[in-house]
Amino acid sequence: MRFESLEIVANGPNGWGSGLLEFGSDITQLFAENESGKTPLIMSTLFCLGMDVKFRADITRNCKSAILQIAINDKKITLERSIGEKFDLTVHESSKTINRFYNDEDFSRFFLNLINIKTNKLITTSGTPTLPYFSSLIPLFYLDQDHGYLEFYAARQSFVKDQYSEMVRLLVGLPPFNLYDKKRTGIELKKEADYLDTSIVSSRKLLERLQQDLTAPIRTIDTLEKKLERSKTRLEELKNTKNVKSEALSGLDDLIAEQRVRYRELSNESIQLESKISSAKLIRDEIESEIQTLNLNEDARRAFISFSELCTTPNCGMFMASAESYGKSLLYLRDQIKDLEISTAANIQAAERLEIAKSLTNRHIESFIHKRSIAEREAGIDAFIEAISTTTSDIFELQLELGKLKKVEAQKTNHANLLARRDKTLSLLEAAQKPSEQSAEVITFRLRLSQAMTKWLDTLHARNVSNQIKIDSNLKPMMGDEKLEIFKGSSKTRTVLAFHAALFEICLEDKNSPFRILILDTPKQQDIPDIHLSDYIEELKSLASKNNAQVIFSTSSYRYQIDPATDKEWLPKFGNGEDAMYLGIPNQ
Amino acid sequence: MKLVEAIEIASTEAPLIITRSAPRSRRDALQNESLFHMPLIALSILSLAKGRSKPKADEIGKLIGQCFEHSLATFSGSSQELGWSANLRIRTVKALTFLESTNLITINKNTSRLEATSTGKKIVDGAIESEGELCVFLLTIQREYRNICKERAVEEKL
């Protein structure tokens, strides 16, 4: 999801509007004095995404609606919400109205679906089922001027059980903590997992079959396309040529050269395969000698035991471990030889296929050379026809191979998608069946978050905050042994800023995550020196430009030097000097 | 045989003999020592044996190999073919012997499947509670093992 533009529409000819404000592709900075209307602009952006905002009376009186234009993949979506008491939000796509919503719940469901976020029913604080609202996610990427810097998650309403943890999980694609009706959801998920298991097996089989169909050596799509292009040009040249004989000869020369390259590739591959086969033999021999040593060991043990002077008790246990492991080791080593033989047999088959391909290529080369020598002797026309027909059949074969290769590639992507889907389903299933047990995804996220937070605290020069960050099971960061509530002033602001930047960074690591926006409403500048804030913003900028993400922030003292190509600065357009405002009467 | 003849024969056959007996410089396949350290293998075996479907004793080497291959990102789809690795299997046997002799695992005589004892389970639980990379690895291995079992069952049905 990307923000494109924002506009506040005036209420009547004497109302206040903002004009069209475009967001920068990396950074959007609202730089103005206090009380010039930065916050209403930022809030109306989120207002269009369903957030509950209480505007000041003059804004409600003078402004009619806010229009936010966003891009989701290739879709251009316009969200227009009227400023007033009632929830009234209209969604347009390419200037066609696609839906109108009169409550947050319906809009949330629509919007989460639009940005491809799958939701599950959660539990409210009173135990009833609810779907998560998009507006509950907003505090994770938007820091409100007043409360945003005091807590990790400053929600306006908290009605979901463990709302903070649930929202973070939803944001980064982790399974929910408190699923509603775990039993039924579990049964459904199990069905889906079973279905996916079956699909994965057949998809893998299909992939194997398609791969077997490819002719060795396997070339990349790119190389094949280039070869095809060359053959086509060659055919064109042959068609347009005047000097029939020399063209025919050079055409045949090309083909011979190409077949030779192919022959060399095949030879290389077969050498590699042979070395694999022979090293399997080597390993087999090693295992054999290990078996032999094992036997010797056992004999040696018996020799010791039979020597009664050494130990009079028959079961003294001196070599007990050795005796126990003997039989087992023998079994595994033998079993392993069996496996090795299977894999070697497969390799030998592949080597045989390569041999056939090699001899076929060799025959091609010989026939081309023969044709070439005939062409050299005779007057052109026969050879010319021959050259054209060989080139055409070459093109045909290349196209066939390319088609097969493309099929394999498509199937590979398909297979990878299925695997990813199963992984997601299984972690959801685990959350439904064993909610109290550890989940690999959650722990990975916790480790990653603590790592990223440490880095961002360093960027913000937070000296008084421990860099031993631990994320607890509710996903709340602990700085050393301290919770956020203990911190005051600058340390608190820095910790909150570091947390949000870390979360932002983690979202961006997933290429498909729609959460690629971070909005900071006037970071408390009295708390953090400009130079530290500057380091923070610079780092965010580089993160945003690398990951197709946007950072929006407002400021009254620190001013970021924008790059006109990728950033935008919004300055108040109405009025002059210190009285300049972001909202005013248009055309005045 | 005259000396001259002998030299002649020797000189024609020499290259053949040399090439045959020359040591191969490439023993590339299946040489990945650093991967196979016993403690990790032992813990992995324990974590498979702890789950509901117990692994068969005579498959454990291959299973551990496959689980490693799928769980360590860079090995999935690589040519290392850990599932076939001989070294890994030898180590797995050693690890299993250790687990058995320390009474962390028992082999069910009737089914020949591995079962973690209560002490064995405690060790895995301890490792999983540590919430570090190891915990993630063990959980991934458990899921991989689940996938292998399920897929095998589907294949058998087909």
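Residues numbered from 1 in each chain as written. Chains lettered and ligands numbered in written order. Predicted model: local features only at pLDDT ≥ 70, side-chain atom pairs only at ≥ 80, totals over all residues.

A.B. asks: I'd love a proper account of the overall build of chain A, names of residues and values included.
C.D. replies: Tallying secondary structure elements over chain A gives 13 helices and 15 strands in all. The C-alpha radius of gyration computed for chain A amounts to 35 Å, which surpasses the reference 25 Å derived for 588 residues by more than 25%, pointing to a less compact arrangement than a globule. If you line up chain A on its principal axes, its C-alpha atoms span 105 × 90 × 50 Å. Considering only contacts in chain A between residues 6 or more positions apart, those separated by 24 or more positions represent 71%. (Helix = DSSP H or I, 4+ residues; strand = E, 2+ residues; numbered from the N terminus. Rg over C-alpha atoms; globule rule 2.2 N^0.38 Å. Contact = placed C-beta atoms within 7 Å.)

A.B. asks: Talk me through the overall build of chain B; I want residue IDs and the actual numbers.
C.D. replies: Secondary structure assignment for chain B yields six helices and two strands. In chain B, which comprises 158 residues, the proportion classed as buried is 37%. Taking the intrachain contacts of chain B between residues at least 6 apart in sequence as the baseline, contacts between residues at least 24 apart amount to 61%. (Buried ≥ 20, exposed ≤ 12 C-beta atoms within 10 Å, placed from the backbone.)

A.B. asks: So what's going on with the sheet that holds strand 14 (residues 550–555) of chain A? Which residues, and what values?
C.D. replies: What holds strands together in a sheet is hydrogen bonding between their backbones, with the strands either parallel or antiparallel. Residue and element names in this part refer to chain A. What the five strands build is an open sheet, ordered 10-13-14-3-15; its pairing is parallel. Looking at the sheet topology across the chains shown, the edges are occupied by strand 10 (142–143) and strand 15 (568–570). The pairing of strand 10 with strand 13 (residues 517–520) spans two bridges and is parallel. Directly across from Leu-143, in strand 13, lies its bridge partner Leu-520. Helix 13 (residues 530–546) contacts strand 3 (27–31), strand 13 and strand 14 of the sheet and is inclined by roughly 150 degrees relative to strand 14. (Pairing = 2+ DSSP bridges. Axes fitted to C-alpha atoms, helices over the stretch in contact; angles between N-to-C directions.)

A.B. asks: Summarise the pairing of strand 1 (residues 2–10) of chain A; cite the residues concerned and give the values.
C.D. replies: Here is the key point about a regular strand: its side chains alternate between the two faces of the sheet. Residue and element names in this part refer to chain A. Where strand 1 lies against strand 4 (residues 63–72), eight bridges are found, and the strand directions are antiparallel. Looking at the pairing, Ala-10 lines up with Cys-63 of strand 4. By the bridge criterion, two bridges tie strand 1 to strand 2 (residues 21–22) in an arrangement that is antiparallel. Bridge pairing in strand 2 links Leu-6 to Leu-21.

A.B. asks: Outline unusual backbone geometry, supporting the account with residue identities and numerical values.
C.D. replies: Residues and elements named next belong to chain A. Residue Glu-35 is not a glycine yet carries a positive backbone phi of 65 degrees. Tracing the backbone shows Glu-35 in the loop between strand 3 and helix 1 (38–47). Residue class for Glu-35 comes out exposed when judged on the 11 C-beta atoms lying within 10 Å of it. Here Asn-548, not a glycine, exhibits a phi torsion of approximately 55 degrees, which is positive. Counting through the fold element by element, Asn-548 comes out in the loop between helix 13 and strand 14. Residue class for Asn-548 comes out exposed when judged on the 12 C-beta atoms lying within 10 Å of it.

A.B. asks: So what about the confidence of the model for chain A? Which residues, and what values?
C.D. replies: Summary statistics for chain A give a mean pLDDT of 86 and a share of 94% for residues scoring 70 or more. The least confident element of chain A is helix 9 (residues 320–377) of chain A, whose mean pLDDT is 77; the most confident is strand 13 of chain A, at 95. (pLDDT = per-residue confidence, 0-100.)

A.B. asks: How would you summarise the nonpolar core if you had to cite specific residues and measurements?
C.D. replies: Ranked by size, the top nonpolar core spans 121 residues in total, and within it A:Met453, A:Ala498, A:Ala502, B:Ile45 and B:Leu46 carry the most contacts. If we ignore the near neighbours within four places in the chain, the residues touching B:Leu46 are B:Leu99, B:Leu104, B:Ile105, B:Ala116, B:Gly120, B:Ile123 and B:Val124. (Core = buried A, V, L, I, M, F, W, Y, C linked by C-beta atoms within 7 Å.)

A.B. asks: Any chance you could break down the pairing of strand 4 of chain A for me, citing the residues and the numbers?
C.D. replies: Residue and element names in this part refer to chain A. With respect to burial, strand 4 is a largely interior element, seven of its 10 residues being buried. Sheet topology note: the strand 4/strand 5 (residues 75–82) ladder contains eight bridges and is antiparallel. Residue Ile-70 lies in a different strand from strand 5, and its bridge partner there is Ile-77. Between strand 4 and strand 5, which follow one another and run antiparallel, lie two residues, and Asn-73 among them has a positive phi close to 50 degrees.

A.B. asks: With reference to specific residues and values, describe the confidence of the model for chain B.
C.D. replies: A low pLDDT score tells you not to read the predicted coordinates there in detail. In this model, chain B carries a mean pLDDT of 76, and residues with pLDDT of at least 70 account for 70%. Interface scoring of the predicted complex returns ipTM 0.72; its pTM is 0.77.

A.B. asks: Give a description of the packing of helix 5 (residues 118–129) of chain B against helix 6 (residues 133–157) of chain B that names residues and reports values.
C.D. replies: Residue and element names in this part refer to chain B. It is at 7 Å that the axes of helix 5 and helix 6 come closest, and there the two elements cross at 120 degrees. In terms of their interaxial angle, helix 5 and helix 6 are classed as oblique. The segment helix 5 lies against helix 6, with Val-124, Ala-127 and Ile-128 engaging Leu-134, Cys-135, Leu-138 and Leu-139. (Parallel < 35°, antiparallel > 145°, perpendicular 65-115°, else oblique.)

A.B. asks: Residues and numbers for helix 12 (residues 489–509) of chain A, please.
C.D. replies: Look at helix 12 of chain A: 31 Å from first C-alpha to last across 21 residues, which is about the 30 Å you get at 1.5 Å a residue. Among the 21 residues of helix 12 of chain A, 17 are classified as buried, and the element is accordingly described as predominantly covered. (Expected span 1.5 Å × (residues − 1).)

A.B. asks: Give me the lowdown on the sheet that holds strand 1 of chain A, citing residues and values where you can.
C.D. replies: Residues and elements named next belong to chain A. In spatial order, the strands read 2-1-4-5-6-7; together these six strands make up an open sheet with antiparallel pairing. In the strand order of this sheet, the two ends are held by strand 2 and strand 7 (96–101), each with one partner. Packing against the sheet, helix 1 makes contact with strand 1, strand 4 and strand 5, and its axis sits at approximately 110 degrees to strand 1. The strands touched by helix 3 (residues 104–114) are strand 4, strand 6 (89–93) and strand 7; relative to strand 7, the strand with the most contacts, the crossing angle is about 135 degrees.

A.B. asks: An account of the environment of A:Cys507 is needed here, citing residue identities and associated values.
C.D. replies: All names here are of chain A. Looking at the secondary structure, you find Cys-507 in helix 12. On the basis of neighbour count, Cys-507 is assigned to the buried category, with 21 C-beta atoms found within 10 Å. C-alpha separation for the pair Cys-507 and Ile-517, spaced 10 residues apart in sequence, amounts to 9.5 Å. Dropping the residues within four chain positions of it, Cys-507 is found in contact with Leu-171, Val-172, Ser-513, Phe-515 and Arg-516.

A.B. asks: Would you mind going over the packing of helix 7 (residues 221–240) of chain A against helix 10 (residues 381–433) of chain A in detail, with residue names and values included?
C.D. replies: Residue and element names in this part refer to chain A. Taken N-terminus to C-terminus, the directions of helix 7 and helix 10 make an angle of 160 degrees; their axes are 9 Å apart at the nearest point. One way to sum up the angle between helix 7 and helix 10 is to call them roughly antiparallel. The element helix 7 and its partner helix 10 pack so that their crossing is left-handed. Here the residues of the contact of helix 7 with helix 10 sort into 11 nonpolar, four polar and eight charged. (Left-handed = near helix turned anticlockwise from the far one by under 90°. Nonpolar A, V, L, I, M, F, W, Y, C, P; charged D, E, K, R; others polar.)

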